[in-house]
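Close look at the chain arrangement
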Amino acid sequence: MNDNAKARFNGFLLSAAHKIGLFLAMAVICLPGLWIVLASFRPTVEIMAKPPVWIPRDLSFDAYIAMFSGVGQGGIPVIEYFRNSVIISVTSTAIALALGMAGGYAFARFRFKAKSSIFLGLMLTRTVPGIALSLPLFFVYSKLGIIDTHFGLIVAYVALNVPFTIWLIDGFFRQVPKDLAEAAQIDGCTRWQAFWQVEFPLAGPGIASAGIFAFLTSWNEFALASQLTRSVNSKTLPVGLLDYTAEFTIDWRGMCALAVIMIIPALVLTFIVQKHLVSGLTSGAVKG
Amino acid sequence: MATVSLEKLVKRYGSLEVVHGIDLEVADREFIALVGPSGCGKSTTLRMIAGLEPVSGGNLKIGGRVVNDLPPRARNLAMVFQSYALYPHMTVRENMGFSLKIAGQKPEEIAPQVEEAARTLDLTHLLDRRPSQLSGGQRQRVAMGRAIVRQPDVFLFDEPLSNLDAKLRTQMRVEIKKLHAKVQSTVIYVTHDQVEAMTLADRIVIMRDGYIEQVGTPEDVFQRPHSKFVAGFIGSPPMNLKDAEIADGQVVFANGDRLPLPARFKDRVTAGQKVTFGLRPDDLYPTGHGIHSGEDADVHRQDLRVILTEPLGNETLVFSDFAGAEWVGRMLNPRRLSPGEALPFCFDLSQAHLFDRESGRTLRG
Ligand SMILES: Nc1ncnc2c1ncn2[C@@H]1O[C@H](COP(=O)(O)OP(=O)(O)O)[C@@H](O)[C@H]1O
Ligand SMILES: [Mg+2]
């Protein structure tokens, strides 16, 4: 074998190993999700069977039908939960993004007193686990009378997300050269126009990532929501999962079905936004 | 078309003053170059004119109107940045038409203006590319195109060529000169490269540490530098500047070597005065290989030992030993020299300069 053939063979081995490694990693990441989807179609006996039944024998849509068939026939108020989740997640994401953009821009572009301390302070709020706050929040909220309202959860989620959105968006604005906004101002823009015409589109991917993150955090949050919600007025989908637990039994199939309902919008949104996450958009702005 | 006046213009960053009350009158359609070493306040001055930095003191007038507190968009100027600052998310066409779009012009009005500018700069075939798909020189031209589309009163350039390689830089220099001849706007051009300033500008402003050292035509600043700093900054290779003292009507160097005191300084120096003697390489040449600018009486002849030569083809730079230091001379119609060789040299003292060593100011009237 000459050297070229050897190198080619090594390359082939390497790419094969690469692919096998990737496959294993993807399997570990994806299998639980697929298992949930599968479990939502199978009767409880099959889910709980030991040893596990790998090949499903008995698939049905029963869980989904039951879920929508009203209280009393094994149904839960899934439409209301879904509505609450959407309202709370979308609103809190929008607010967190607006604050994140304002704050991130300020940190990236302006000099002001105690800048790094403020930044550090914001980040430190993230070190407190949300669940540790649930009891104090509960007291404050019940005094204010905002337990079991959309408003209460939105406020909590905005507070949860803002430090992160500021941090992420700050990083992206830093990557947009300052010269660009200045060039835009010379080209006739006001500061405001320069921001929207030039800096915003260039930081767009970062803002979209921050948006996905904030949305998913709110959409999946359970610890705070389970304390601060009571009824269909404000219960979100993660809290709704608990409807499938009774004193002695858990309806695993129903729970999985609801989980699938929860996952779908998150997946769809992520895919839609991800298409716009074109990175390297700022390349070519400066120098050669 | 507009004049630009700086009146006692000051820039402070907090308590740090970086531009110390400079005065400058730029005439309509004039090409002014601001030169000086890095950090001397050229960009800061330009950015104040552009409106990107607030003015800390004094007045800034464009077209006779005080614009101190007007935002950039109200000053009708265009700026080419060192980094080009092209909008990466727009095509060349959109980049060039951006200012017109912001001004509210319709697409069908914008298109012909952009195409006209693109023709001028030979960018037509690149109009639909994005900045990331262009070479450095092309980006540079797009940046200029974006500026001319605006038809501004004043063009501002901040070291526009410093990111290009030497050959492209020479080429773009010519294009900028042609462009100025064509658009006939006032231009303020910042560079740290004195060759660029000399070749492009009607007048050169030499800055140092936030002060203006001298303002003058290229010939002015080259032939009549007001200070040692200007003398050393303008010209390539730089002027020979050596410390000396005046004694017995002669210029006496530290090691005792002497040169006659040029006639026109006779009444301007006193015995024992500490001076800096300056002579351009053009005025120090092996006998028969240079041009006298003055009368023969002003030429001092002396044999010097050659230390090193730099042949440039049409001429050779000769580094030779005099007064215990290295002096650069320029040899026209060169022949081959070997280091260590002793040669008769001419010092054309009619072109010599004398500066007061203390103040650095010129001693000529
Ligand atoms: N934002 C700033 N804050 C403080 N000092 C600054 C700032 N920008 C520039 N300077 C200082 O002002 C001086 C002039 O800078 P500049 O105008 O950029 O010089 P140059 O002539 O190289 O363009 C420098 O000493 C620089 O350190
Ligand atoms: Mg500069």
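Here, residues in each chain are numbered from 1, in the same order as that chain's written sequence. Chains and ligands are labelled by the order in which they are written, letters from A for the one and numbers from 1 for the other. This being a predicted model, a pLDDT of at least 70 is required before a residue's local features are given, and a value of 80 or more before pairs of side-chain atoms are given or counted; all residues contribute to the totals for chains, interfaces and linings. Hydrogens and waters are ignored; side-chain quantities use all the structure's heavy atoms.

In the nomenclature of an unreviewed UniProt entry, chain B is known as sn-glycerol-3-phosphate ABC transporter ATP-binding protein UgpC of Shinella kummerowiae. What UniProt records for chain B under Subcellular location (unreviewed entry) is the sentence "Cell inner membrane". Annotation of chain B in UniProt includes, under Sequence similarities (unreviewed entry), the sentence "Belongs to the ABC transporter superfamily." UniProt positions are given in the numbering used here, feature names are shortened, and annotations may be inferred rather than shown by experiment.

For chain A, the name recorded in an unreviewed UniProt entry is Maltose/maltodextrin transport system permease protein MalG, with Shinella kummerowiae as its organism. Per UniProt, chain A has the following entry under Function (unreviewed entry): "Part of the ABC transporter complex MalEFGK involved in maltose/maltodextrin import. Probably responsible for the translocation of the substrate across the membrane." Under the UniProt heading Sequence similarities (unreviewed entry), the note attached to chain A is "Belongs to the binding-protein-dependent transport system permease family. MalFG subfamily."

A few points about helix H2 (residues 92-102) of chain B
With eight of its 11 residues buried, H2 of chain B lies for the most part within the structure. When H2 of chain B is considered as a whole, its buried residues turn out to be Val92, Asn95, Met96, Gly97, Phe98, Ser99, Leu100 and Ile102 of chain B. Buried residues along H2 of chain B sit in contact with helix H8 (178-186) and helix H9 (191-220) of chain A together with helix H3 (107-120) and helix H4 (136-149) of chain B. Each residue is placed in one exposure class: buried if its accessible area under a 1.4 Å probe, protein chains only, is under 20% of its type's maximum, exposed if it is over 50%, and partly exposed if it falls in between. By the criteria applied, helices consist of DSSP H or I runs no shorter than four residues and strands consist of E runs no shorter than two, each listed in order from the N terminus. Here, two residues are considered to be in contact whenever any of their heavy atoms come within 4.5 Å of each other.

Focus on the nonpolar core
In a soluble, globular protein the nonpolar side chains are often hidden away together inside. Residue types Ala, Val, Leu, Ile, Met, Phe, Trp, Tyr and Cys, when buried and joined through side-chain atoms within 4.5 Å, form a set referred to as a nonpolar core. The biggest cluster of nonpolar side chains holds 55 residues, and the ones touching the most others in it are Phe173 of chain A together with Val4, Leu156 and Ile188 of chain B. Considering every element that reaches this core, the biggest residue donor is H9 of chain A, with seven residues. In this view, Val4 of chain B contacts Leu24, Glu25, Val26, Ile49, Leu60, Lys61, Ile62, Val154 and Ile188 of chain B; residues no more than four positions away in its chain are not counted. Listed in part, the 44 residues of the second largest apolar core include Ala78, Val142, Met144 and Leu164 of chain B.

As for the sheet that holds strand E8 (residues 186-191) of chain B
Residues and elements named next belong to chain B. Whether two strands pair depends on DSSP finding at least two bridges between them. If you trace the six strands from one edge of the open sheet to the other, you get E6-E7-E8-E3-E9-E10, paired in mixed fashion. Edge strands, defined here as strands with exactly one partner in the open sheet, are strand E6 (77-80) and strand E10 (211-216). The average angle at which neighbouring strand axes cross in this sheet is 15°, direction not considered. Bridge analysis of strand E3 (residues 31-35) against strand E9 (residues 203-208) gives four bridges, and the strand direction is parallel. For helices, the fitted axis covers only the stretch in contact; all axes are lines through C-alpha atoms, and the angles between them, taken along N-to-C directions, range from 0 to 180 degrees.

Structural notes on the domain arrangement of chain A
Quoted interface sizes are often the accessible area lost when the parts come together. Residue and element names in this part refer to chain A. The domain boundaries here were taken from an automatic or database domain assignment. As assigned here, chain A comprises domain 1 (3-61) and domain 2 (67-284). One C-alpha centre belongs to domain 1, the other to domain 2; they are set 31 Å apart. Accessible area that two parts lose when put together, with a 1.4 Å probe and added across both, is what the buried area reports. The contact between domain 1 and domain 2 buries some 660 Å² in all, and 75% of this surface belongs to carbon and sulfur atoms. The three residues of domain 1 that bury the most area against domain 2 are Ile36, Ser40 and Thr44, which together make up 53% of that side's buried surface. Salt-bridge detection follows one rule: a side-chain nitrogen of Lys or Arg within 4 Å of a carboxyl oxygen of Asp or Glu. Counting across the interface, domain 1 meets domain 2 through zero salt bridges. As used in this structure description, the phrase polar contact means that two N or O atoms lie within 3.5 Å; if the pair is within protein, one of them must be able to donate a hydrogen and the other to accept it, and residues adjacent in sequence are counted only when both atoms belong to side chains. One can count zero residue pairs in polar contact (both at pLDDT 80 or more) joining domain 1 with domain 2.

Structural notes on the UniProt feature "domain: ABC transporter" (unreviewed entry) in chain B
The UniProt entry lists residues 4-234 of chain B under the feature "domain: ABC transporter" (unreviewed entry), expressed in the numbering used here. Counting secondary structure, residues 4-234 of chain B comes out at 37% helix and 26% strand; the distance between its end C-alpha atoms is 25 Å.

Comments concerning empty space enclosed by the protein
If you roll a probe as big as a water molecule over the atoms, it shows you where there is empty space left. A pocket here means an open set of points on a 1 Å grid, computed over the protein atoms alone, that has protein on both sides within 12 Å along at least five of seven lines. A cavity is instead a set of points where a 1.4 Å probe fits but cannot get out; residues with an atom within 4 Å of a point line either one. Grid points are joined across faces, edges and corners, and a volume is the space filled by probe spheres set on the points. Applying the stated criterion across every chain, the model contains three cavities of 30 Å³ or more. Lining the largest cavity we find Ala183, Ile186 and Asp187 of chain A together with Ala78, Met79, Ala143, Arg146 and Ala147 of chain B. For the lining of the largest cavity, the secondary structure elements donating two or more residues are H8 of chain A together with E6 and H4 of chain B. Tallied by class, the residues present in the lining of the largest cavity amount to six nonpolar, no polar and two charged. Classes in brief: Ala, Val, Leu, Ile, Met, Phe, Trp, Tyr, Cys and Pro nonpolar; Asp, Glu, Lys and Arg charged; the others, Gly included, polar.

Describing the UniProt feature "domain: ABC transmembrane type-1" (unreviewed entry) in chain A
In the numbering used here, UniProt assigns the feature "domain: ABC transmembrane type-1" (unreviewed entry) to residues 82-273 of chain A. A distance of 21 Å separates the end C-alpha atoms of residues 82-273 of chain A, which is 78% helix and 0% strand.

Concerning unusual backbone geometry
Most peptide bonds adopt trans geometry, and most residues besides glycine take a negative phi value. A cis amide bond, omega -5°, links Lys50 of chain A with the succeeding residue Pro51 of chain A. Tracing the sequence through the fold places Pro51 of chain A in the loop between helix H2 (44-48) and helix H3 (62-67). Geometrically, the link from Ser236 of chain B to Pro237 of chain B is a cis peptide bond, its omega value of -5° lying close to zero. Mapped onto the secondary structure, Pro237 of chain B falls in the loop between helix H8 (228-233) and strand E11 (240-247). Within the chain, Glu159 of chain B stands out as a residue other than glycine whose phi angle is a positive 45°. Examined against the element boundaries, Glu159 of chain B turns out to sit in the loop between strand E7 (154-158) and helix H5 (166-183). A positive phi angle, close to 55°, is found at Asp248 of chain B, a residue other than glycine.

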